[in-house]
Amino acid sequence: MGDRIANWRAIAHLDGPQAEKARIQLAKIPDLSDYEFGFYRAFGDLSTERPIGMAAGPIPRSAIVAYADEAEMDWTDSAILLRVIRAVDTAYMQAVAKQRGGGGT
């Protein structure tokens, strides 16, 4: 998602329909600090690690730990990342279940 945001920002100041689409997309993005955006980006990256069966499952803990290791996070930052991603993922999975009529837990 970060690459798309960079592309939208690059063309948003231009004229034409593509620039207008970019401005619309940029307006939808929440205003996040760099710290918050790091979690946003991590969630997007980690969402690709979901097991897929009859329905998408939660992001595996092992994927979050591997992400933190790859980013060379210390123990404290790794623990924070795990808690934040778990909380966001739980809310996401509940929203998906609700949208599909399952209610979520």
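Coordinates for the structure precede this section.
Residues numbered from 1 in each chain as written. Predicted model: local features only at pLDDT ≥ 70, side-chain atom pairs only at ≥ 80, totals over all residues. Heavy atoms only, no water.

### Considering the packing of helix α3 (residues 34-46) against helix α4 (residues 61-70)
Close contact between α3 and α4 brings their axes to 11 Å; oriented N to C, the two are set at 130°. The angle between α3 and α4 falls in the class oblique. The two elements α3 and α4 meet at a crossing, and its hand is right-handed. Contacts from Arg41, Ala42, Asp45 and Leu46 of α3 reach α4 at Ala63, Ile64 and Tyr67. Its residues placed into classes, the contact of α3 with α4 shows five nonpolar, no polar and two charged. (Axes fitted to C-alpha atoms, helices over the stretch in contact; angles between N-to-C directions. Helix = DSSP H or I, 4+ residues; strand = E, 2+ residues; numbered from the N terminus. Parallel < 35°, antiparallel > 145°, perpendicular 65-115°, else oblique. Left-handed = near helix turned anticlockwise from the far one by under 90°. Contact = heavy atoms within 4.5 Å. Nonpolar A, V, L, I, M, F, W, Y, C, P; charged D, E, K, R; others polar.)

### So, the side chain of Arg50
Structurally, Arg50 is set in the loop between α3 and α4. With a relative accessible area of 10%, Arg50 lands in the buried category. In this structure the side chain of Arg50 is engaged in a polar contact, spanning 3.1 Å, whose partner is the backbone oxygen of Gly57. Ignoring any residue separated from it by four or fewer positions in sequence, one finds Arg50 in contact with Phe43, Ala56, Gly57, Pro58, Ile59, Pro60, Asp89, Tyr92 and Met93. (Buried < 20%, exposed > 50% of the residue type's maximum accessible area, 1.4 Å probe, protein only. Polar contact = N/O pair within 3.5 Å; in protein donor to acceptor, adjacent residues only side chain to side chain.)

### Looking at the environment of Ile5
Mapped onto the elements of the fold, Ile5 is located in helix α1 (residues 2-11). For the pair Ile5 and Leu26, spaced 21 residues apart in the sequence, the C-alpha separation amounts to 7.2 Å. When sequence neighbours within four positions are dropped, the list of residues in contact with Ile5 reads Leu26, Ile29, Phe37 and Tyr40.

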